[in-house]
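# Structural characterization, general
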Amino acid sequence: MEKSPEAERKSVIVRKAFLKSLPVMAGYVVLGIGFGILLRNAGYGVLWSAAMAVLIYAGSMQYVGISLLAGGAGILTTILTTVMVNARHLFYSISMIGCYKNAGRYKPYMIFALTDETYSLLCNGETPDPEYADLYRFLVSLFNHLYWIAGCILGSLLGAVLPFSTAGIEFSMTALFIASFTEQWLRTKDHIPAMTGLLATLLCLVVLGPEYFLIPAMLLITLILTLLRGRLGRKAV
Amino acid sequence: MNTHAAILVIVMAAVTILLRFLPFLVFRKRTPAYISYLGEVLPAAIIGLLVIYCLKDTVITRAPFGAPELIAGLSVVGLQVWKRNSLLSILGGTVIYMILIQAVFP
């Protein structure tokens, strides 16, 4: 087969990136709609929804952010909560350092847009065309971001006109994490990290109550996993 | 109220961006083994933490004793094990929860 011209190769990359991002499209639009509805119910309309989708672009943080906004939280509380909820992004970034090393001008945006879902699509390092690997990863990141923005805007607009009660739609966030938890449980052999997270947090919640348990739970998890390092570290995950 | 809310949005965005960029800035040359280890084991633990975080305000001491959360939560697990399709599990669980709190345990 003859080598196709550059433009054609790029359009193949665009199509492959789009196909790769399709499963996330549905998820982001649905979760974004849920977010937009909740944010509207809390008294913040479509511009707020769009601004948060563009600037924060972190689903669980935006859901948590609704209660921060509605409760008029302080700045320090907001900083700490964001650190706790989004600390896992540190680890996504750590594992992508090698992969994104030569991404050049795309790199800042790709780091900014490294969400749970984008990470899960790109973390295996696969790419359809090694020469355009960075363009491909950039496009997957960008498409996902656009779905999220569209969903958040749509939810805010729909929230005003939906003919049925949306009470209970906040469970979509819980369902998101339960589904992720189940999926990673099915995909891994060693369940100690997952059980540590679940049980240590539950313990802190029971002992300290819903106001103060989050940061101690985070510290306890890190401590336990650090102590287990010799045991867990030897097995490749 | 709106100025304060705008500041909070900017703070959330800035901290999130900082968290995403920090490892690329700090570990540009080499990632310490301990940090790589945490990178492998922490994500699974944090998802467990977030599950509990989402359920923290569930009241189990009076009717309906957390039944909607339990039933909808188990439905999500069941759907995920069955179909391995996260979107389906999330949608299914959320719809079940909405029906439960609006119609079954109002």
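Residues numbered from 1 in each chain as written. Chains lettered and ligands numbered in written order. Predicted model: local features only at pLDDT ≥ 70, side-chain atom pairs only at ≥ 80, totals over all residues. Heavy atoms only, no water.

## As for the domain arrangement of chain A
- Per the domain assignment, the segments of chain A are domain 1 (5-169) and domain 2 (188-237).
- Computed over C-alpha atoms, the centres of domain 1 of chain A and domain 2 of chain A are 26 Å apart. (Domains from an automatic or database assignment.)

## Examining unusual backbone geometry
- Of note, the amide linkage connecting Ala 63 of chain B to Pro 64 of chain B takes the cis form, showing an omega dihedral of 0°.
- When you line up the elements, Pro 64 of chain B lands in the loop between α2 (33-54) and α3 (67-83).
- If you check the backbone angles, Tyr 57 of chain A has positive phi at about 45° while not being a glycine.
- Inspection of the secondary structure assignment puts Tyr 57 of chain A in the loop between α2 (46-55) and α3 (59-70).
- Positive phi, close to 55°, is recorded for Arg 84 of chain B, a residue that is not glycine.
- Mapped onto the elements of the fold, Arg 84 of chain B is located in the loop between α3 and α4 (86-104). (Helix = DSSP H or I, 4+ residues; strand = E, 2+ residues; numbered from the N terminus.)

## Topic: the packing of aromatic side chains
- Under the criterion given, the structure shown has 15 aromatic pairs over all chains.
- On the numbers, 5.1 Å between centres and 75° between planes, the contact of Tyr 44 of chain A with Trp 48 of chain A is edge-to-face.
- Looking at Tyr 44 of chain A, the relative accessible area reads 2%, which means it is buried.
- On the basis of an interplanar angle of 25° and a centroid distance of 6.5 Å, the ring pair of Phe 213 of chain A and Tyr 53 of chain B is categorised as stacked. With Phe 213 of chain A in the loop between α10 (192-208) and α11 (214-227) and Tyr 53 of chain B in helix α2, the pair connects residues from two separate chains.
- Owing to a relative accessible area of 1%, Phe 213 of chain A belongs among the buried residues under this scheme.
- The class of Tyr 53 of chain B is buried, set by a relative accessible area of 13%.
- A connected cluster of aromatic rings, assembled from ring pairs, spans Tyr 28, Phe 35, Tyr 57, Tyr 63, Tyr 106, Tyr 109, Phe 112, Phe 138 and Trp 148 of chain A.
- The cationic tip of Lys 56 of chain B hangs over the ring face of Tyr 53 of chain B; the distance from NZ or CZ to the ring centre is 5.1 Å.
- Sitting above the plane of the Trp 82 of chain B ring, Lys 83 of chain B keeps its charged end 4.6 Å from the centroid. (Phe/Tyr/Trp six-rings, centres within 6.5 Å; stacked < 30°, edge-to-face > 60°. Buried < 20%, exposed > 50% of the residue type's maximum accessible area, 1.4 Å probe, protein only. Lys NZ or Arg CZ within 6 Å of the ring centre and 35° of its normal.)

## A word on the pattern of salt bridges
- Taken as a whole and judged by the stated rule, the model has six salt bridges over all chains.
- Here Lys 10 of chain A makes a salt bridge to Glu 6 of chain A, at a shortest N to O gap of 3.7 Å. Linking Lys 10 of chain A with Glu 6 of chain A, this pair stays in helix α1 (residues 6-41), spanning four residues, or about one helical turn.
- In this structure Glu 6 of chain A comes out as partly exposed when scored by relative accessible area, which is 49%.
- Salt-bridge contacts for Glu 183 of chain A lead to Arg 84 of chain B; the nearest nitrogen and oxygen are separated by 3.0 Å. Placement of Glu 183 of chain A in helix α9 (residues 171-187) and of Arg 84 of chain B in the loop between α3 and α4 is noted, with the two residues assigned to different chains.
- For Arg 84 of chain B, a relative accessible area of 42% puts it in the partly exposed group.
- Three or more residues joined by partner-sharing salt bridges are found here, namely Arg 9, Asp 129 and Glu 131 of chain A. (Salt bridge = Lys/Arg side-chain N within 4 Å of Asp/Glu carboxyl O.)

## Thoughts on the interface of chain A and chain B
- Across the boundary between the two partners, chain A contributes 86 residues, which contact 65 residues of chain B.
- Across the chain A to chain B interface the summed buried area is about 6,800 Å²; carbon plus sulfur atoms make up 81%.
- Summed over the three residues of chain A that lose the most area to chain B, namely Phe 91, Phe 171 and Arg 229 of chain A, the buried surface amounts to 10% of that side.
- Taken together, chain A and chain B are joined by one salt bridge.
- Remark: the boundary between chain A and chain B carries 12 residue pairs in polar contact (both at pLDDT 80 or more).
- Element by element, the count of residues in the side of chain A that touches chain B is highest for α9 of chain A, at 16 residues. (Contact = heavy atoms within 4.5 Å. Buried area = accessible area lost by both parts, 1.4 Å probe. Polar contact = N/O pair within 3.5 Å; in protein donor to acceptor, adjacent residues only side chain to side chain.)

## Focus on the side chain of Thr 182 of chain A
- On the secondary structure map, Thr 182 of chain A appears in helix α9.
- At 2.7 Å, the side chain of Thr 182 of chain A and the backbone oxygen of Ile 178 of chain A are in polar contact.
- Discounting chain neighbours no more than four positions away, the residues touching Thr 182 of chain A are Val 77, Gln 80 and Val 81 of chain B.

## A look at α2 of chain B
Residues and elements named next belong to chain B.
- Over its 22 residues, α2 runs 32 Å from end to end, which matches the ideal 32 Å to within 8%, given 1.5 Å per residue.
- For α2, the principal kink sits at Leu 42 and spans about 40°; a proline, Pro 43, occurs within the next four residues.
- Within α2, 18 of the 22 residues are buried, which leaves the element mostly enclosed by the surrounding structure. (Expected span 1.5 Å × (residues − 1). Bend = angle between axes of the 7 residues up to and from the residue.)

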